[in-house]
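# Survey of secondary and tertiary structure
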Amino acid sequence: MSNLPKILTVIALSVMAVFAAGYYALTGAPGPDGKITLATGGVGHYHELGLAYQKALAPYGVEVVLQPGVEGFRTLRGLVAEPPEFDAAFVKGGLVGSMQGRLARAKAQEWQSKELGKLRAAGRLFYEPIWVFVRSDFTGSTLADLKAKKILMGARGSGTRFIAGQLLRANGVDTSRDNPLLIMGDLSPDAAELVSGEAEAAILVQPADSELIQKLLRLPSIRLMDFSLEADAYVNRFPSLSKVRLDRGAVEFEPLIPAKDITLLATSAVLVVRADLPPSLVSLLTHAALHNPRAPFDKSGDPVLFHKPGLFPHLSDPEYQVMEASRQVYKSGDLPVALRTAAPAVKEAGFPYKLTAFISDHGAATVLFVIPSLVILLPLLRFMPSLYSWTVRRRLMYWYRQLKMLERRLDKSPSTVQRADYLAEIERIDSGVRRIRYPLYFSDQFYHLRLHIDLVRQRLTEMPEAPAPRMAAE
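Residues numbered from 1 in each chain as written. Predicted model: local features only at pLDDT ≥ 70, side-chain atom pairs only at ≥ 80, totals over all residues. Heavy atoms only, no water.

It is worth spelling out the pairing of strand E1 (residues 35-41) at this point. Side-chain positions along a regular strand alternate between the two faces of the sheet. By the criterion of burial, E1 is predominantly enclosed, with six of the seven residues buried. Bridge analysis of E1 against strand E2 (residues 63-68) gives six bridges, and the strand direction is parallel. Paired with Gly 41 across the strands is Pro 68, a residue of E2. When E1 meets strand E3 (residues 88-91), the two strands line up parallel, connected through two bridges. The residue of E3 that forms the bridge with Ala 39 is Ala 89. (Buried < 20%, exposed > 50% of the residue type's maximum accessible area, 1.4 Å probe, protein only. Helix = DSSP H or I, 4+ residues; strand = E, 2+ residues; numbered from the N terminus. Pairing = 2+ DSSP bridges.)

Listed below in structure tokens is the structure:
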């Protein structure tokens, strides 16, 4: 009895597999293979989340393949490529927003209008503040004061460079590629570029608990730019931005870091998926994101700056459309019932993920089709045993008729030649009966037939030979 639920599950899944095979055969749809390629940037926070998703989706039969080393616009290109390089990716918030509006370059606007429709959001994950570090002797207070200054603003094609470029252009700073004052690269942990005068400002977009940011916040030779005077205006003009406050002493009390409240702008990392990713995979990936948020504490055990319980992940997105499958997961907090129950059972039973996708996408329609079908089929199934019994008896009667016809020929004493022919006929009948497959409860009837065959064989062997006919006189 303990194996009954498993047996019933396998039977149910087998029925669904037959329907799935028929569906794919008729429609030509290949079905998803249960694999998600996820671009995770480097080996930092994005990669850690990717590992968590990989572990969370394994019990559902989904393999998450991580692709590190890809970030910024290169990630977006890989998502919209045909065939795609990735199915999903972690992307900095504001990257797509920097490609629209009058501040965006023509090439970026063209890409955004043509390709953005291929992408969807599956959730905002955590804050990534925009850190603008300047030399301690810098007298300016806004981004507009960086005109004609040397600025470190990230590697070419990086999300940081796109976001920084939009903000600088809004303040009248020349961000053309031939501007020698714009330096490609990131600020080193000791801020050597600022200390040496190689650059007068550096813009970074990273989580507050990253090792680089934590080191830079403690350097006395540099300071953070305060956006308190214009933060609300930035948030209104650029919907992908938020306003966060680094409170006095939030980093250290001794020495006091920062010495006063500092208002920063922040983006939020977003999980982006291809619009044509199967809904079942979108639901599972969204569920993994919803139930595997970033930890509220850093590696040393201190609370992460700007973290607010329950704020992330969330689905409100100013840049991308949201998949309906993701919306349903966030609304209910769990997977759809069919997917939640079927995916682990399909994996345990050893069926491919295609079956899970079919159950998730077409399970309800299949059930609505099967139930009326059973109403018709069940009465017909009652006649199946009788039909089978009739089929088996029909085979028996065929060989009984062959045997009866042979037995009638024995009423006349056969000659030697006829005897040989009759023996061959008996062996043919016996061989034909032996080849019949029959259930156990038909054994008595088959043994009776074989017994009758032996009786006819015995009678034939015991019969005297008929005298040879006399030759007519010439």
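Before going further, it helps to spend a moment on the environment of Arg 169. Mapped onto the elements, Arg 169 comes out in helix H5 (residues 159-170). When its relative accessible area of 21% is taken as the criterion, Arg 169 is described as partly exposed. Apart from residues no more than four positions distant in its own chain, Arg 169 is found in contact with Ser 98, Leu 103, Ala 104, Arg 105 and Thr 175. A polar contact of 2.7 Å, which involves the side chain of Arg 169, links it to the backbone oxygen of Leu 103. (Contact = heavy atoms within 4.5 Å. Polar contact = N/O pair within 3.5 Å; in protein donor to acceptor, adjacent residues only side chain to side chain.)

The next thing to look at is the packing of helix H13 (residues 384-409) against helix H14 (residues 416-434). The geometry of H13 relative to H14 is characterised by a closest axis approach of 10 Å and an angle of 165° between their N-to-C directions. The angle between H13 and H14 places the two elements in the roughly antiparallel class. Both H13 and H14 take part in a crossing whose hand is left-handed. Counting all contacts with H13, which are made through Trp 399, Gln 402, Leu 403, Leu 406 and Arg 409, the residues of H14 involved are Tyr 422, Glu 425, Ile 426, Arg 428, Ile 429, Gly 432 and Val 433. (Axes fitted to C-alpha atoms, helices over the stretch in contact; angles between N-to-C directions. Parallel < 35°, antiparallel > 145°, perpendicular 65-115°, else oblique. Left-handed = near helix turned anticlockwise from the far one by under 90°.)

Before going further, it helps to examine the environment of Lys 92. Counting through the fold element by element, Lys 92 comes out in the loop between E3 and helix H4 (106-115). Accessibility expressed as a relative area gives 12% for Lys 92, which makes it buried. C-alpha separation for the pair Lys 92 and Glu 128, spaced 36 residues apart in sequence, amounts to 7.8 Å. Within polar-contact distance, the side chain of Lys 92 engages the side chain of Glu 128 at 3.2 Å.

Now for the pattern of salt bridges. Applying the stated rule across the entire model yields 22 salt bridges. A salt bridge links Asp 317 to Arg 124; the shortest N-O distance between them is 2.7 Å. One end of the pair, Asp 317, is in the loop between helix H9 (279-291) and strand E13 (321-322); the other, Arg 124, is in strand E4 (residues 119-135), and 193 residues separate them in sequence. Each member of the pair, Asp 317 together with Arg 124, is buried. Taken together, the shared-partner salt bridges in this structure form one network comprising Glu 427, Asp 430, Arg 434, Asp 454 and Arg 457. (Salt bridge = Lys/Arg side-chain N within 4 Å of Asp/Glu carboxyl O.)

Our focus in this paragraph is the side chain of Arg 294. Here Arg 294 is to be found in the loop between H9 and E13. When its relative accessible area of 16% is taken as the criterion, Arg 294 is described as buried. At 3.4 Å, the side chain of Arg 294 forms a polar contact with the side chain of His 45. At 2.4 Å, the side chain of Arg 294 forms a polar contact with the side chain of Asp 209. Among all residues touching Arg 294, those that are not within four sequence positions of it are His 45, Leu 49, Phe 126, Pro 207 and Asp 209.

For the structure shown, the criterion picks out 11 aromatic pairs. Centroid distance Trp 131 to Phe 133: 6.5 Å. Interplanar angle 15°. Geometry classified as stacked. Given the relative accessible area of 0%, Trp 131 is considered buried. With relative accessibility at 1%, the residue Phe 133 sits in the buried group. Pairing Phe 227 with Tyr 234 gives two aromatic rings, centres 5.6 Å apart and planes at 80°, and the pair type is edge-to-face. Grouping aromatic residues by their ring pairs yields a cluster made of Tyr 46, Tyr 53, Phe 90 and Phe 126. If you follow Arg 294 out to its NZ or CZ, it ends over the ring of Phe 126, 4.9 Å from the centre. (Phe/Tyr/Trp six-rings, centres within 6.5 Å; stacked < 30°, edge-to-face > 60°. Lys NZ or Arg CZ within 6 Å of the ring centre and 35° of its normal.)

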